[in-house]
Amino acid sequence: MCGRRLMPTTVVRPAARDRRELLALLGRTPLVRITADLPGPQPGFWAKLEGLAAGGMKARAAVSMLLGARERGELLPGAPVVESTSGTLGIGLAFAGQALGHPVVLVGDRELEPSMRKLLRTHGVRLEIVDRPAAQGGWQAARLARLHELLAELPDAYWPDQYNNPDNTAGYASLAAELAGQIDHLDVLVCSVGTGGHSAGIIGPLRRRWPALRLIGVDATGSTIFGQPARPRVMRGLGSSIHPRNVAYDAFDEVHWIGPAEAVDSCRQLARHSFVSGGWSTGAAARVAAWAARVHPGAAVATVFPDGPHRYLDTVYDDDFTAAHGLDPATAATRPVEIAHPYATEAVGWVRCARVTDPLQAAPLPTYSPEENP
């Protein structure tokens, strides 16, 4: 079982109307060439604009998870879907719920932007907000605690469990197929990492087409995914305070941690000079993709922009917000600090590591001081 639901009950629910015609809006996003200075001149990379699809990038995963659960009998007709989200998957589930006829209940937290709350409710979502982070696991743990309470309250409720559900990964097969049909050759793929779904879902099919393809992961400072200590994070949409099982650690050739100042600088440069832009994940992935294009001359580099800028007008693009959080784009790092392994030092700003390990499988290596890592 990939997700979780309560044992069947005797509750009889009238079948909700599905709208399968909405599935025609899934995916089919453009691929564009980005040549903006990020932060300096770079030869250009390809960006898949997932924010232009109905429901955004994670609509692919949401539809896949609900269809898989229905096929296995884990999600009953018209039954509610309950999930924890920082926002992006929530929009995808709102789309999937309407298309497949399921009410959606989402657990967000106090940091969820007012505009995103309004948008989710506009699409018919019931939104629950937790008001304080857990002592261990932060906002994600707090949201999951409330989610489990809801599962006990809602008959037949289904939890997709996006972090550990293989159907999340499988939903991105269509993204891989679109990329393969839009580009003649690919040498380097750059993917932001949150649940691990889209990087794991597209690298397999693309490596079967281009076996030498390099995969670069992009994480947030303060995220535990690749072995760093958990810290409070300003950025949302990438990074995690838990260790998702969907992350394909063996597939990555290297990982970069990006700080919020670097992401803000990249987003604003994209908006001013390429017109297309997005939020934290987009800014982080774009900065690393531009770096890869510079250090691999002649290589074809591509990345995915998970969403557009509209959700972030009061954060990434707001001078008062960035000033309040000490995020001056002028101070953003222009190149990564190199470390020998993920435990060498705590990542602050932009840090690169060519050694990728699963923190749940590998014992931590001895730590080094920054001076020992040129």
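Just so it is clear, the model here is predicted, and its values are computed rather than measured.

Calculation notes
Residues numbered from 1 in each chain as written. Predicted model: local features only at pLDDT ≥ 70, side-chain atom pairs only at ≥ 80, totals over all residues. Heavy atoms only, no water. UniProt positions renumbered as here; feature names shortened; annotations may be inferred. Helix = DSSP H or I, 4+ residues; strand = E, 2+ residues; numbered from the N terminus. Buried < 20%, exposed > 50% of the residue type's maximum accessible area, 1.4 Å probe, protein only. Polar contact = N/O pair within 3.5 Å; in protein donor to acceptor, adjacent residues only side chain to side chain. Contact = heavy atoms within 4.5 Å. Pairing = 2+ DSSP bridges. Axes fitted to C-alpha atoms, helices over the stretch in contact; angles between N-to-C directions. Right-handed = clockwise from strand over helix to strand, strands pointing away. Left-handed = near helix turned anticlockwise from the far one by under 90°. Nonpolar A, V, L, I, M, F, W, Y, C, P; charged D, E, K, R; others polar. Salt bridge = Lys/Arg side-chain N within 4 Å of Asp/Glu carboxyl O. Expected span 1.5 Å × (residues − 1). Phe/Tyr/Trp six-rings, centres within 6.5 Å; stacked < 30°, edge-to-face > 60°.

**Focus on the UniProt feature "domain: Tryptophan synthase beta chain-like PALP" (unreviewed entry) in the chain**
Move 1: The feature "domain: Tryptophan synthase beta chain-like PALP" (unreviewed entry), as given by UniProt, occupies residues 25-307 in the numbering adopted here.
Move 2: Secondary structure content for residues 25-307 is 39% helix and 17% strand, and the end C-alpha separation is 15 Å.

**Topic: the side chain of Arg-236**
Move 1: With respect to the helices, strands and loops of the structure, Arg-236 is situated in the loop between strand S9 (214-220) and strand S10 (254-258).
Move 2: A relative accessible area of 11% means that Arg-236 is categorised as buried.
Move 3: A polar contact of 3.3 Å, which involves the side chain of Arg-236, links it to the side chain of Asp-109.
Move 4: Leaving out residues up to four positions away in the same chain, Arg-236 has contacts with Ser-86, Asp-109, Glu-111, Leu-112, Glu-113, Arg-143, Trp-280, Ser-281 and Arg-311.

**Comments concerning the sheet that holds strand S2 (residues 31-34)**
Move 1: With respect to topology, eight strands assemble into an open sheet ordered S2-S3-S11-S8-S9-S10-S13-S12, the strand pairing being mixed. Only two strands of the sheet have a single partner each, and these edge strands are S2 and strand S12 (337-339). Geometrically, the sheet is characterised by an average inter-axis angle of 25° between neighbouring strands, direction not taken into account.
Move 2: Sheet topology note: the strand S8 (residues 188-192)/strand S11 (residues 301-305) ladder contains three bridges and is parallel.

**Regarding the pairing of strand S4 (residues 81-84)**
Move 1: A two-sided burial pattern is seen for S4, the buried positions comprising Val-81 and Glu-83 on one face and Val-82 and Ser-84 on the other.
Move 2: As paired strands, S4 and strand S5 (residues 104-109) are joined by four bridges and run parallel to one another. Note on S5: the bridge partner recorded for Val-82 is Val-105.
Move 3: This β-α-β element, S4 to helix H2 (residues 88-100) to S5, shows right-handed connectivity.

**So, the environment of Asp-109**
Move 1: Relative to the helices and strands, Asp-109 is located in strand S5.
Move 2: Polar contacts involving the side chain of Asp-109 include one to the main-chain amide nitrogen of Glu-111, which spans 2.8 Å.

**Let's talk about the packing of helix H6 (residues 173-182) against helix H7 (residues 197-209)**
Move 1: It is the contact of H6 with H7, at a shortest axis distance of 8 Å, that shows an interaxial angle of 35°. The two elements H6 and H7 meet at a crossing, and its hand is right-handed. Taking contact as the criterion, the partners of Ala-173, Leu-175, Ala-176, Leu-179 and Ala-180 in H6 are, on H7, Gly-201, Ile-202, Pro-205, Leu-206 and Arg-209.
Move 2: Its residues assigned to classes, the contact of H6 with H7 comprises eight nonpolar, one polar and one charged.

**What to know about the environment of Ser-240**
Move 1: Inspection of the secondary structure puts Ser-240 in the loop between S9 and S10.
Move 2: By relative accessible area, which is 0% here, Ser-240 ends up buried.
Move 3: Residues Ser-240 and Ala-263, spaced 23 residues apart in sequence, show a C-alpha to C-alpha distance of 17 Å.

**Notes on the pattern of salt bridges**
Move 1: One pass over the full model with this rule turns up 21 salt bridges.
Move 2: Linking Glu-178 and Lys-48 is a salt bridge whose minimum nitrogen-to-oxygen distance equals 2.8 Å. Here Lys-48 lies in strand S3 (residues 45-49) and Glu-178 lies in helix H6, a separation of 130 residues in the sequence.
Move 3: The exposure class of Glu-178 is buried, given its relative accessible area of 18%.
Move 4: Notably, a salt bridge pairs Glu-149 with Arg-146, separated by 2.9 Å at the nearest N-O pair. Placement of the pair is Glu-149 and Arg-146 together in helix H4 (residues 138-153), with a separation of three residues, close to one helical turn.
Move 5: According to the relative accessible area criterion, Glu-149 is partly exposed, its value standing at 45%.
Move 6: In this structure Arg-146 comes out as buried when scored by relative accessible area, which is 18%.

**Digging into helix H9 (residues 280-295)**
Move 1: Compared with the 22 Å implied by 1.5 Å per residue over 16 residues, the 23 Å span of H9 between its first and last C-alpha is a close match.
Move 2: Of all 16 residues that make up H9, 14 are buried, and the element is covered over most of its length.

**What to know about the packing of aromatic side chains**
Move 1: Using the criterion set out here, one finds two aromatic pairs in the structure.
Move 2: Between Phe-226 and Tyr-249, the ring centres sit 5.6 Å apart and the planes meet at 80°, which makes this aromatic pair edge-to-face. Taken together, the positions of Phe-226 in the loop between S9 and S10 and Tyr-249 in the loop between S9 and S10 put the pair 23 residues apart, joining distant regions of the chain. Just as Phe-226 is buried, Tyr-249 falls in that class too.
Move 3: Look at Phe-226 and Phe-252: their rings are 5.4 Å apart centre to centre, the planes differ by 90°, and that puts the pair in the edge-to-face class. Here Phe-226, found in the loop between S9 and S10, pairs with Phe-252, found in the loop between S9 and S10; they are 26 residues apart in sequence, far enough to count as distant.
Move 4: For Phe-226, a relative accessible area of 1% translates into the label buried.
Move 5: Ring pairs connect the aromatic residues Phe-226, Tyr-249 and Phe-252, which therefore count as one cluster.

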